[in-house]
Each structure stands twice: as structure tokens, then as C-alpha cells.
Amino acid sequence: MEIIFDCPNCGQELSVDSSGAGQEIKCPTCAETIVIPEESTKVPPAAAPVTEEAPSLAPSAIASSAAAKVQLHLKVPVHTTPTASLIKKAAVPLDAVARGADKQIRLRTMRHDKCIESGHDKFDEMVTKTLQDIGESNIVSTHSITYEHFDVQTQKVMTDYGLMIIYRG
């Protein structure tokens, strides 16, 4: 038989085997020491059909101890309001915001073969325009790159160059 009662401190519903009546336990929700009442203060839920378990051949020392004889049936608290976040993201310092720390890191790759228009090499002009659009204060770094591509006109694999720009934007 079970004793069903509410924690007097936090109201958490607890269910304990009747052999634990009068004993002191810690509430799993508020961690306050409470005394198990002699009888249920709530109506027990409908009893589930009892299924008989096969007895074990050799009882363990833990199963036969006095602590194992008191069965605690505790329920997890249910909240009706949204839970609060326990971990909050630190705010960006104001001096860092002034330097642009609130902007995301972005990457722009410019390939030389994509900057040729009507047989004219426009790579330098396109890089200059892109760097001006980004702004010098937002540029984190620039890196030259080498890559290979298949040239359709010559039907060969060509090695070419480009520029990778890492910036805040």
C-alpha cells in the first residue's frame, strides 16, 4: 500500500510505500527534510494490474537491506509557465560593438577566371571595388589562393589564382 501526499514546503506530490510512514526524507524538489505521514492525504490513482515477477535465485545485499525496503515513488514537477534559460549569452561589450564585433565573420572568394570579360582582365578592378564595398575597417584578412579549373576553350586543366577575403559584415 502506498501513502500519497504533498510536500508541505513546495507542494510536490510524493508517493511512498506505507512501510516508510513516520520516517524523515528529503523532498527531491526542494531538498527540505519532511516527515512521511501515517496515511495518504490524497486519493490513490487506479491500481494497475499486479504482475507477479519471477523470484531471483540469490537476493543481493542491496535488495535485502533496510534501505531497499522503503520504496519512494516520486513524480517530476510539471510547470505551467515556460521555463527560464539557465545559461545566458554574455552581452558584447560596448567598445567591441564600436569596433564591429557584433557583425558576423564572412568570406568572399574571387577567382581570376571569373573576372575576365570579353577577353579583358578585370580582376584588379573587381578586387578593388569589392574591398572598397567591404570597407577597410571590416577586413580581417586577405589570402591569395591557387586553384585548378577546366578551360573549355583549350580543353585543358589550367592553374589559376584568386583572392580570399575574410571580413566582418
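Notes on the structure in this doc start here. Bear in mind that the values here come from a model prediction, so they are computed numbers and not experimental data.

Regarding the overall build of the protein
When helices and strands are counted, the protein shows 3 helices and 10 strands. Burial status across the protein gives 20% buried among its 169 residues. Looking at the protein alone, contacts between residues at least 24 apart form 50% of all its contacts between residues at least 6 apart. Total accessible area on the protein is roughly 13,300 Å²; 56% of this is exposed by carbon and sulfur atoms.

Some points on the sheet that holds strand S9 (residues 139-151)
The sheet built from 3 strands is open, its strands ordered S6-S10-S9 with antiparallel pairing. In the strand order of this sheet, the two ends are held by strand S6 (105-111) and S9, each with one partner. Direction aside, the axes of adjacent strands within the sheet are offset by 25 degrees on average. Where S9 meets strand S10 (residues 156-168), 12 bridges bridge the pair, whose relative direction is antiparallel. Bridge pairing links Glu148 to Thr159 in S10. Helix-sheet contacts for helix H3 (residues 123-134) involve S6, S9 and S10, and the interaxial angle to S10 is about 15 degrees.

Let's talk about the environment of Arg106
Examined against the element boundaries, Arg106 turns out to sit in strand S6. Along the primary structure Arg106 and Ile139 are separated by 33 residues, whereas in three dimensions their C-alpha atoms are 9.6 Å apart. Beyond its immediate chain neighbours, meaning those up to four positions away, Arg106 contacts Ile165, Ile166, Tyr167 and Gly169. In terms of polar contacts, Arg106 uses its side chain to reach the backbone carbonyl oxygen of Gly169, at 3.1 Å.

Things to note about the environment of Asp113
Checked against the element boundaries, Asp113 lands in the loop between S6 and strand S7 (116-117). Remark: the alpha-carbon pair of Asp113 and Met158, spanning 45 residues in sequence, is separated by 9.8 Å. A polar atom in the side chain of Asp113 sits 3.0 Å from the side chain of Arg111.

Observations concerning the packing of aromatic side chains
Scanning all chains against the criterion turns up 1 aromatic pair. Where Phe123 meets Tyr161, the ring centres are 5.3 Å apart and the plane angle is 85 degrees; that geometry is what we call edge-to-face. With Phe123 in helix H3 and Tyr161 in strand S10, this pair connects stretches of sequence that are 38 residues apart. For Tyr161, a relative accessible area of 39% translates into the label partly exposed.

Focus on H3
Here H3 is 12 residues long and its end C-alpha atoms lie 17 Å apart, about the 16 Å a rise of 1.5 Å per residue gives. Among the residues of H3, those classed as buried are Phe123, Val127, Thr130 and Ile134. Down the axis of H3, the buried set is contained in an arc of 65 degrees. They therefore lie on one face. Residues of H3 that are exposed and angled more than 90 degrees away from the buried face: Asp124, Gln132 and Asp133. Summarising the contacts, the buried residues of H3 are in contact with S6, strand S8 (120-121), S9 and S10. Looking one or two residues past H3, Gly135 carries a phi angle of roughly 95 degrees, positive in sign.

Focus: the pattern of salt bridges
All chains considered together, the criterion is met by 2 salt bridges. Notably, a salt bridge pairs Asp113 with Arg111, separated by 3.0 Å at the nearest N-O pair. Taking the shortest distance from any N to any O, the salt bridge between Lys129 and Asp133 comes out at 3.1 Å. Here Lys129 and its partner Asp133 are both found in helix H3, 4 residues apart, which amounts to about one turn of the helix. What makes Asp133 exposed here is its relative accessible area of 57%.

How each quantity is defined
Residues numbered from 1 in each chain as written. Predicted model: local features only at pLDDT ≥ 70, side-chain atom pairs only at ≥ 80, totals over all residues. Heavy atoms only, no water. Helix = DSSP H or I, 4+ residues; strand = E, 2+ residues; numbered from the N terminus. Buried < 20%, exposed > 50% of the residue type's maximum accessible area, 1.4 Å probe, protein only. Contact = heavy atoms within 4.5 Å. Areas by Shrake-Rupley, 256 points an atom, 1.4 Å probe, with all protein chains shown as cover. Pairing = 2+ DSSP bridges. Axes fitted to C-alpha atoms, helices over the stretch in contact; angles between N-to-C directions. Polar contact = N/O pair within 3.5 Å; in protein donor to acceptor, adjacent residues only side chain to side chain. Phe/Tyr/Trp six-rings, centres within 6.5 Å; stacked < 30°, edge-to-face > 60°. Expected span 1.5 Å × (residues − 1). Arc of directions from axis to C-beta. Salt bridge = Lys/Arg side-chain N within 4 Å of Asp/Glu carboxyl O.

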